[in-house]
Amino acid sequence: MSNFAQFLPQWQRWILLTGTAAILLASCSSANPQPTATSAITATAAPTSVSAATAAPTSAATATAAPTSPSAGVESSTIYTSTSQLFSVPIPTNWQLAEEAGIVRLNDPEQKIKIALLSVEEADLAKAIELGWQQADPSFKLTPDDSQEVPSPNGAEKTLVAAYDTKNTSQSTVAMAQLHEGVAYLMLIQGDNATITKRQSQVGIIQSGYTILALNQTTVTADQRVDVGPELISELENFIQTEQAKYKVPGVSVAIVQDGKIVYSNGFGVRDVVSQAPIDADTQLMIGSTGKSLTTLLMATLVDQGKLDWDTPVVDILPNFKVKDPERTKQITVRHLVCACTGVPRRDFEMIFNAEDLDAQGIIASVADFEFFTDFGEAFQYSNQMVAIGGFAAAAASGGDPTQLDQTFAQTLTERVLKPMGMNNTTLDQATIEASPNHALPHGLDLTSSTYQTMPISMEFAIKGVAPAGATEWSTANDMGNYLITLLNHGITPSGERLVSDQNLDVLWEPQVAIDAKTSYGLGWMISDYHGLEFIAHGGTTFGFSSEFAFIPEAKIGIVVLSNGQYANHFVTSISDRYFELAFDQPSKAAETAAYSAQGIEESLGEISKQIAPDFDPASAEPLLGNYTNPALGDVTLMLNGAELWLDIGAIQTQFKPLLNEQGEPDGYLSVTPPLTGIPFKTGVDANNQPTLTMDIGTETYLFTRKP
């Protein structure tokens, strides 16, 4: 839903922009990773140094977190404890921290984000926030534009988020207050939106790692596991059906693995809203980015056989590979392609808009102009193109035809990984899916009706050039259950065959870079902990599907959830969360979290619908019609289809409707039909008085000019 951010109320815009919602929701979910056992380190008054000494309460303390290597994860974070001993906070790499007069201040390397942490004795959180601003910035005079109580993380009694209208659309100001035993713990944030987006994971490290030390953390052990039985299944199925109705997701299939067996699998809802055919555990759905872990598993098998090495420079395997910086080109290894730790930002729109022209070689060539947001290991940066290149490097290393890497990857993955695990209904082939009698259809959100609409299967294969990143993989709950069995058996397939060595499976689960204070990214996996137990997971999203795949190795349990709904990540994750709550007899927070998320989505859609003009005069768009181009995204056509305005980008088309500003006047256009719902375009003119289209997605702004 991140594309909708700028059309929502201030607090929602902030939550979507910075990931606060995901962090808060994760913090109060049962599968939330608990803080790693790290000694609290407090800083002395010496600038840019960190020591174990505790500064006196009245003295100033400063610290700078040193850069980490690409292999560093959460465990290497510097944790700062306030001189009051009331709270602690991690310091992201290259950020600066200073404490004076009871206020801890953090600044990003560019000094464009300011975060103040403090506590005040006040139970009224709105009043506490006001008092906090008075202490942290006496010149601050704004009043909240919007306030929202959100689910409380980690046992706090109440949490309030307040946002402020700065009258500057490039800046955000927000306050978060958590209440515990009469004390309000405050986080006051001011920042440049572009920098916040660029350093989203580092802001997330601070937000998720901000710990009230008086709160107790719950721990569990593997032997506390509750086995799957009628009572657990009844509770889980009731939860699934309740939440499915709230989220209005057409269908979902689930499989649970315990002690090396699929002990439960089932489907709920329909394969598509048109035929109303029921979904089951053998229905084929897309798994999205969950498939990244299959790519890294393939890579691990090749490392086992000596055909590949994690630290081999990519150019040794793919000579045409290069990025904008020649030195980094030489430094990037096979491991870096799949660790999300190189600093390459997410640039999905380039691959979507250019989908028709991007095969494997095209994807490899497309990163030649990629710049880096951050240094190696400094921040989590998710890149589908880099993972795809990792899969193509594996295909090349397997001995495949370097001019046919797309086909070689699919064949190699099938023969070396999928078939040995018994994943016989898992495929990357469009024709196979279309011929299958039991496949689901993708469903996308239509903003004009706020309902799920079916999309053709061909839409999901539009970005087949990044197949190794999970772009074209279809599977079933039962097939993915076999995958879970293999992982929980530490590399032994359901048939008893050793697929991958212990050593290289462990490499996949080694933290490489921090996502937030409690979660790291490995090689195609997110690694955290569940109340003290190692917790490994990855979700997935495509144009019309969402998935979640999670397991706890020590407890020998895991769950896979597949759904045929766009933007249904909170829904599928809530099912996973609820299962682990039941499996360890933990208090239920998943329902509260899911309800908050579902309500937020509904309110967001309502806000957007108010800003879409109810009527559209085709004549008003006549001067804009024609062909446009952008150096990165290529050619598009703005055209009328009857009385509707559509943007054609080749493989994908989307309808536009006029947007209204606060005064109710037309102010650009918004894409309202799936798969590209919620993308705003502004109109303008260039120096030659020719019309232009501008798409601003936060991290990038794309200007389309009229073609001659």
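Computed from a prediction, not measured in an experiment: that's the story for all the values here.

Student: Please set out the nonpolar core residue by residue, giving values where relevant.
Tutor: Ranked by size, the top nonpolar core spans 119 residues in total, and within it Phe-321, Tyr-483 and Trp-525 carry the most contacts. Here this core takes ten residues from helix H13 (residues 384-397), the largest share from any one element. Residue contacts for Trp-525: discarding those within four places in its chain leaves Ser-293, Tyr-483, Leu-487, Leu-508, Trp-509, Ser-520, Ile-536, Ala-537, His-538, Phe-549 and Phe-551. In terms of nonpolar packing, the next biggest core, distinct from the first, is built from 48 residues, Phe-268, Val-572, Phe-584 and Ala-594 among them.

Student: Give a detailed account of the sheet that holds strand E29 (residues 680-685), specifying residues and quantitative values.
Tutor: The eight strands lie next to each other as E24-E25-E26-E27-E28-E29-E30-E31, forming a closed barrel whose pairing is antiparallel. Shown here is a sheet whose adjacent strand axes are inclined to one another by a mean of 35°, direction ignored. In terms of strand pairing, strand E24 (residues 626-630) meets strand E25 (residues 634-641) through five bridges, oriented antiparallel. When the bridges of E25 are listed, Asn-630 appears paired with Gly-634.

Student: Go over the packing of helix H7 (residues 292-304) against helix H14 (residues 405-418), please, and point to the residues and values.
Tutor: Axis separation between H7 and H14 bottoms out at 10 Å; the angle between their running directions is 75°. For the element pair H7 / H14, the angle class is roughly perpendicular. Counting all contacts with H7, which are made through Leu-294, Thr-295, Leu-297, Leu-298, Thr-301 and Leu-302, the residues of H14 involved are Phe-409, Thr-412, Leu-413, Arg-416, Val-417 and Leu-418. Across the contact of H7 with H14, the residue classes break down as eight nonpolar, three polar and one charged.

Student: Tell me about the state of the cysteines, residues and numbers included.
Tutor: As enumerated under the stated definition, the model contains one disulfide in all. There is a disulfide in this structure between Cys-339 and Cys-341, and the S-S distance comes to 1.9 Å. Here the disulfide of Cys-339 and Cys-341 is left-handed, its torsion about the S-S bond being about -75°. In this pair, the class of Cys-339 matches that of Cys-341, namely buried.

Student: I'd like to hear about the pattern of salt bridges, residue by residue, with values.
Tutor: Between side chains of opposite charge, pairing is possible as soon as their charged atoms come close. Scanning the model with the defined rule gives 19 salt bridges in all. As a salt-bridge pair, Arg-347 and Glu-350 come within 2.8 Å of each other at their nearest N and O atoms. Through salt bridges that share partners, Glu-110, Lys-198, Arg-199 and Glu-378 make up one connected network.

Student: Talk me through the sheet that holds strand E2 (residues 78-81); I want residue IDs and the actual numbers.
Tutor: Judged by pairing direction, the sheet is antiparallel, and its three strands sit side by side in the order E2-E3-E11 without closing on themselves. Only two strands of the sheet have a single partner each, and these edge strands are E2 and strand E11 (211-212). Summarising the sheet, E2 and strand E3 (residues 87-91) pair through four bridges and their orientation is antiparallel. Within the sheet, the bridge partner assigned to Thr-78 lies in E3 and is Ile-91.

Student: Now, about the packing of aromatic side chains: what can you tell me, with residues and values included?
Tutor: Inspection of the entire model under this criterion finds 27 aromatic pairs. Aromatic side chains Phe-535 and Phe-580 sit 5.3 Å apart centroid to centroid with 75° between the ring planes, which places their arrangement in the edge-to-face category. On the criterion of sequence distance, the pair formed by Phe-535 in strand E21 (residues 533-541) and Phe-580 in helix H19 (residues 569-583) is long-range, its members being 45 residues apart. For the residue pair Phe-535 and Phe-580, the accessibility class agrees, reading buried in each case. Taken together, the ring pairs in this structure connect Phe-349, Phe-353, Phe-656, Tyr-669, Phe-681 and Phe-704 into an aromatic cluster. Sitting over the face of the ring of Phe-372, Arg-328 holds its NZ or CZ atom 4.2 Å from the ring centroid.

Student: Explain helix H3 (residues 125-136) to me, using residue names and the numbers behind them.
Tutor: If you check H3, its first and last C-alpha atoms are 16 Å apart, about what twelve residues at 1.5 Å a residue would give, namely 16 Å. Those residues of H3 that fall on the buried side of the exposure criterion are Leu-125, Ala-128, Ile-129, Gly-132, Trp-133 and Ala-136. Along the axis of H3, the buried residues cluster in a sector spanning 140°; they form a single face. If you check the start of H3, you find a side-chain oxygen 3.1 Å away from the backbone N of Ala-126, and it comes from Asp-124.

Student: Lay out the packing of helix H6 (residues 230-247) against helix H20 (residues 590-611) with the relevant residues and their values.
Tutor: Interaxial distance between H6 and H20 falls to 9 Å at its minimum, and their mutual angle equals 15°. When the interaxial angle is binned, H6 and H20 end up roughly parallel. The chirality of how H6 crosses H20 is right-handed. In this structure, H6 uses Phe-239, Glu-243, Lys-246 and Tyr-247 to contact H20, whose residues at the interface are Ala-590, Ala-591, Ala-594, Ala-595, Ser-597, Ala-598 and Ile-601. Here the residues of the contact of H6 with H20 sort into eight nonpolar, one polar and two charged.

Student: Please provide a residue-by-residue account of H20, values included.
Tutor: Under the 1.5 Å per step criterion, the end-to-end length of H20 is 32 Å for 22 residues, consistent within 8% with the ideal 32 Å. Among the residues making up H20, those that are buried are Ala-590, Thr-593, Ala-594, Tyr-596, Ser-597, Ala-598, Gly-600, Ile-601, Ser-604, Leu-605 and Ile-608.

Student: Which residues make up the environment of Phe-656, and what values do they have?
Tutor: Within the element layout of this structure, Phe-656 appears in strand E27 (residues 653-660). Taking the C-alpha atoms as reference points, Phe-656 and Phe-681, 25 residues apart in sequence, are found 8.9 Å from one another. Those residues in contact with Phe-656 that lie beyond four places of it in its chain are Leu-638, Leu-645, Trp-646, Leu-647, Tyr-669, Leu-670, Ser-671 and Phe-681.

Student: Describe the environment of Val-303, with residues and values.
Tutor: Within the secondary structure, Val-303 sits in helix H7. Residue class for Val-303 comes out buried when judged on its relative accessible area of 16%. The spacing of Val-303 and Asn-504 is 201 residues in sequence and 7.6 Å in space, taken between C-alpha atoms. If near-sequence neighbours (up to four positions away) are discounted, Val-303 is found in contact with Leu-308, Asp-309, Trp-310 and Asn-504.

Student: Kindly report on the pairing of strand E31 (residues 701-706), identifying the contributing residues and their values.
Tutor: Here E24 pairs with E31 via two bridges, running antiparallel. Within the sheet, the bridge partner assigned to Thr-629 lies in E31 and is Thr-705. Here five bridges tie strand E30 (residues 691-696) to E31, and the two strands are oriented antiparallel to one another. Among the inter-strand pairings, Thr-692 is bridged to a residue of E31, identified as Thr-705.

What counts and what doesn't
- Residues numbered from 1 in each chain as written.
- Predicted model: local features only at pLDDT ≥ 70, side-chain atom pairs only at ≥ 80, totals over all residues.
- Heavy atoms only, no water.
- Core = buried A, V, L, I, M, F, W, Y, C linked by side-chain atoms within 4.5 Å.
- Buried < 20%, exposed > 50% of the residue type's maximum accessible area, 1.4 Å probe, protein only.
- Helix = DSSP H or I, 4+ residues; strand = E, 2+ residues; numbered from the N terminus.
- Contact = heavy atoms within 4.5 Å.
- Pairing = 2+ DSSP bridges.
- Axes fitted to C-alpha atoms, helices over the stretch in contact; angles between N-to-C directions.
- Parallel < 35°, antiparallel > 145°, perpendicular 65-115°, else oblique.
- Nonpolar A, V, L, I, M, F, W, Y, C, P; charged D, E, K, R; others polar.
- Disulfide = S-S within 2.5 Å.
- Salt bridge = Lys/Arg side-chain N within 4 Å of Asp/Glu carboxyl O.
- Phe/Tyr/Trp six-rings, centres within 6.5 Å; stacked < 30°, edge-to-face > 60°.
- Lys NZ or Arg CZ within 6 Å of the ring centre and 35° of its normal.
- Expected span 1.5 Å × (residues − 1).
- Arc of directions from axis to C-beta.
- Polar contact = N/O pair within 3.5 Å; in protein donor to acceptor, adjacent residues only side chain to side chain.
- Left-handed = near helix turned anticlockwise from the far one by under 90°.

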